[in-house]
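# Chain and residue survey
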Amino acid sequence: MTRDRKSQAAFWIIAAGFISGLTAVVHSVAQPPHIVFILADDFGWYDVGYHSSEIRTPNLDKLSAKGVRLENYYVQPIHTGMQHQIIWPCQPYCVPLDEKLLPQLLKEAGYDTHMVGKWHLGMYKKDCLPTRRGFDTYFGYLTGSEDYFTHERCYDIAPLNLTRCAMDLRDGEEVATAYKGDYSTELFSQRAISVIKKHNSSKPLFLYVALQAVHSPLQVPERYMTPYSFIEDHHRRLYAGMVSAMDEAVGNISLALQQEGLWDNTVLVFSTDNGGQTMYGGSNWPLRGRKLSLWEGGVRGVGFVTGPLLEKPGTISYELIHISDWLPTLVSLAGGSTNGTKPLDGFNVWKTISKGSASPRQELLHNIDPLYFDLAPCPGRQSQLTLAENWWANSSFNVSIHAAIRSSNWKLLTGYPGCEVWFPRPGHNSSDSRISKVDPLKPVMLFDVGKDPEERNEVSAQFPNVVEYLLTRLQEHQKTALPINYPDDDPRCDPGPTGAWGPWA
């Protein structure tokens, strides 16, 4: 994978896109628009109301219905891992400091920049912190998977042979100890609303809200679970309550923008970071796979754009868009410039979203990860790849490597793509409630995801020329790849029994 494709969702949002033109978008207001980006964590394809879920999301449904729903929108298979997995609390690494991030570009364009929520882009030294990477203010947590109420993160520090549980919540660069017992989804939305209320409306606002919800652990105040007594599966019921809390938070943030007179000049983006994690209540039905996999259930994401500046609101877009497209799109919308960045991977897709124009994107590299292994057990998995059917063993690209690429409607997967099953539709006792039988995997698989988004009809034998072309494209991408940077844990990370996770180097 190329160096500029190393990061996943959070990094893609604030650091990616091919330079596709530096001309500012012309819009009817003199002041650049306020930009609010809300990122959900592990939110599954089936788990939003407008995808016919049993989970109720009235705010997401209403906001997206008045905006543009992105139904051919792709994210990364895991939110913030560089090319391989994620940045663990004790790894001495962060998004490279010579990368220019979205908040830095927007500050150059005259924006006030604020972040609330999950960072998870590395924090081993202070220069890696969000307040050193372009944000005027920050309130949130630096790692991941912490307790929603105590805000503590437990981690096994291998070099020390101990498990450390420590606080991970910061206001700016200072540890924030006054919020124990406050549920993070509510806490983060309240802080986002505070930022909106304090904002000087004469300046454009960039507010990035990276919610903890709906990532594990499955925790939620009881009142959010009350409407879901009909859900029998305990994990699913907890998850549904967490989704409702998140939906309420998004509604409250959008309401604050309206009450403070900012809404008429606001572009609000909502996105998940990756597919849902079926082990913890999420569902990507009817798509195949889950978080961490290259199947559609891992990479096709819930997303929409809303606000009065859209020229064709109330529409659905089926144009190909990737999470890396947000940087050039939002910088252009802000009247800024991507000069000074390294070569980027995304496209300016504002006309695609706002006007319904064709997407400039025709190709999408999902990932190339030579070190991939699945972190979680896959139900029903029985055998390795069917190497006897490897017609492409002599390809220039090593087809044993975990990789996937999309070109137009074609999607090619190589190696083991991750958990390959179709997980059941929640709460249904019909034939679709059982894990579907999976044919043996091949080292090279081709799908027409335009016609077959569930990836049930593998067609590599019928279209060898397409396979050959996409393998060539994978090899061209691989040629520009740097070695994976996935350092061992540094024992100096240990915050001690009374400390907090944070910089140590």
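Residues numbered from 1 in each chain as written. Predicted model: local features only at pLDDT ≥ 70, side-chain atom pairs only at ≥ 80, totals over all residues. Heavy atoms only, no water.

### Notes on the overall build of the chain
Convention followed: Secondary structure elements follow DSSP: runs of H or I of four or more residues count as helices, runs of E of two or more count as strands, with numbering from the N terminus. Buried, partly exposed and exposed residues are distinguished by accessible area as a fraction of the type maximum, computed with a 1.4 Å probe on protein chains only: under 20%, between the cut-offs, and over 50%, respectively. Residue contacts follow a heavy-atom distance rule, with two residues in contact if any of their heavy atoms lie within 4.5 Å.
The helix and strand inventory of the chain stands at ten helices and 18 strands. Residues counted as buried form 61% of the 505 residues belonging to the chain. A fraction of 77% describes how many contacts in the chain between residues 6 or more apart in sequence connect residues 24 or more apart.

### A word on the packing of helix α2 (residues 58-65) against helix α6 (residues 234-259)
Working note: a packed helix pair is described by the angle between its axes plus the distance between those axes. As a reminder of what qualifies: Here, axes are lines fitted to C-alpha atoms. For helices the fit covers the stretch in contact, and angles between N-to-C directions go from 0 to 180 degrees. Oblique is the label for any angle not covered by the other classes, which are roughly parallel (under 35 degrees), roughly antiparallel (over 145) and roughly perpendicular (65 to 115). In the scheme used here, Gly and all other residues not listed as nonpolar or charged are polar, with Ala, Val, Leu, Ile, Met, Phe, Trp, Tyr, Cys and Pro taken as nonpolar and Asp, Glu, Lys and Arg as charged.
Between α2 and α6, the shortest axis-to-axis distance is 7 Å and the interhelical angle comes to 50 degrees. Looking at the two axes, α2 sits oblique to α6. Of the residues in α6, those touching α2 at Pro-58, Asn-59, Leu-60 and Leu-63 are Met-246, Asp-247, Glu-248, Val-250, Gly-251 and Ser-254. Grouping the amino acids of the contact of α2 with α6 by side-chain chemistry returns five nonpolar, three polar and two charged.

### Thoughts on the pairing of strand β16 (residues 402-407)
Selection criterion: Any two strands are treated as partners once DSSP identifies two or more bridges connecting them.
Counting buried residues along β16, six of its six residues qualify, which places the element largely inside the surrounding structure. Here β16 shows a buried face lined by His-402, Ala-404 and Arg-406 and a second buried face lined by Ala-403, Ile-405 and Ser-407. Where strand β15 (residues 363-369) and β16 come together, six bridges link them in antiparallel fashion. Residue pairing across strands places Leu-365 opposite Ile-405, the latter belonging to β16.

### What about the packing of helix α4 (residues 184-198) against α6?
For the pair α4 and α6, interaxial distance at closest approach is 9 Å and the crossing angle is 10 degrees. The angle between α4 and α6 falls in the class roughly parallel. Contacts between α4 and α6 pair Thr-185, Ser-189, Ala-192, Ile-193 and Ile-196 from the former with Ala-245, Met-246, Ala-249, Asn-252, Ile-253, Ala-256 and Leu-257 from the latter. Partitioned by chemical class, the residues of the contact of α4 with α6 number nine nonpolar, three polar and no charged.

### Description of the confidence of the model for the chain
Spelled out, the test is: Across the chain, each position has a pLDDT score giving the predictor's confidence in that residue, from 0 to 100.
Considering every residue of the chain, the mean pLDDT works out to 91; 90% of them sit at 70 or more. Low pLDDT (under 50) marks residues 15-29, which in the prediction has 43 contacts with non-local residues, meaning those over four places away or in another chain.

### Notes on the environment of Gly-134
Looking at where Gly-134 falls in the secondary structure, it is placed in the loop between β4 (112-118) and β5 (137-141). Remark: the alpha-carbon pair of Gly-134 and Leu-106, spanning 28 residues in sequence, is separated by 8.4 Å. With sequence-adjacent residues up to four places away left out, Gly-134 is seen in contact with Pro-103, Gln-104, Lys-107 and Thr-113.

### Describing the sheet that holds strand β17 (residues 410-414)
The four strands lie next to each other as β15-β16-β17-β18, forming an open sheet whose pairing is antiparallel. Because the sheet does not close on itself, it has two edges, and the strands there are β15 and β18 (444-448). Ignoring which end each strand starts from, the neighbouring axes of this sheet average 10 degrees apart. Across five bridges, the pairing between β16 and β17 is antiparallel. Paired with Arg-406 across the strands is Lys-411, a residue of β17.

### A closer look at the nonpolar core
This is how it is decided: Throughout this description, the term nonpolar core refers to a set of buried Ala, Val, Leu, Ile, Met, Phe, Trp, Tyr and Cys residues connected via side-chain atoms within 4.5 Å.
Ile-38, Phe-43, Leu-207, Met-246 and Phe-270 are the most contacted members of the largest nonpolar core, which has 54 residues in total. Within the residue set of this core, elements represented by two or more residues are β1 (34-40), α2, β5, α4, β10 (205-210), α5 (222-225), α6 and β11 (266-272). Top contributing element to this core by residue count: α6, with eleven residues. In this structure, Leu-207 is in contact with Ile-35, Val-36, Phe-37, His-114, Val-116, Ala-192, Val-195 and Ile-196, ignoring residues within four places of it in sequence. Core analysis: the second largest hydrophobic core is formed by 52 residues, Val-75, Cys-90, Phe-135 and Trp-350 among them.

### Some thoughts on the environment of Ile-484
Looking at the secondary structure, you find Ile-484 in the segment after α10 (464-479). For the pair formed by Ile-484 and Gln-83, sequence separation is 401 residues and the distance between their alpha carbons is 6.7 Å. Those residues within four positions of Ile-484 in sequence are excluded, and the remaining contacts are Gln-83, His-84, Asp-369, Pro-370 and Leu-371.

### Brief notes about the state of the cysteines
Keep this limit in mind: By definition, disulfides here are pairs of cysteine sulfur atoms that lie within 2.5 Å.
Here the structure, examined in full by the defined rule, presents four disulfides. A sulfur-sulfur separation of 2.1 Å characterises the disulfide bridge that pairs Cys-378 with Cys-419. Between Cys-378 and Cys-419 the sulfur-sulfur dihedral comes to about 75 degrees; the bridge is accordingly right-handed. Highlighted residues: Cys-378 in the loop between β15 and β16 and Cys-419 in the loop between β17 and β18, separated in sequence by 41 residues. Using a relative accessible area of 1% as the deciding quantity, one classes Cys-419 as buried.

### Section: unusual backbone geometry
Keep in mind that most residues, glycine aside, have a negative phi and that most peptide bonds are trans. The step from Ala-213 to Val-214 runs through a cis peptide bond, and the omega angle for that step is 10 degrees. As for its placement among the helices and strands, Val-214 is situated in the loop between β10 and α5. Following Trp-285, the chain continues into Pro-286 via a peptide bond in cis, with omega recorded as 5 degrees. Structurally, the position occupied by Pro-286 is in the loop between β11 and α7 (296-299). With phi around 60 degrees, Gln-85 is a residue other than glycine that occupies positive phi space.

### A closer look at the pattern of salt bridges
Quick reminder of the rule: Salt bridges are identified by distance alone: a Lys or Arg side-chain nitrogen within 4 Å of an Asp or Glu carboxyl oxygen.
Counted according to the given criterion, the structure contains 23 salt bridges. Among the ionic pairs, Lys-203 bridges to Asp-112, the shortest N-O distance being 2.9 Å. Of this pair, Lys-203 sits in the loop between α4 and β10 while Asp-112 is found in strand β4, placing the two residues 91 residues apart along the sequence. With a relative accessible area of 16%, Asp-112 lands in the buried category. Close ionic contact of Glu-173 with Arg-132 constitutes a salt bridge, the shortest N to O distance being 2.6 Å. Highlighted residues: Glu-173 in the loop between β8 (170-171) and β9 (174-175) and Arg-132 in the loop between β4 and β5, separated in sequence by 41 residues.

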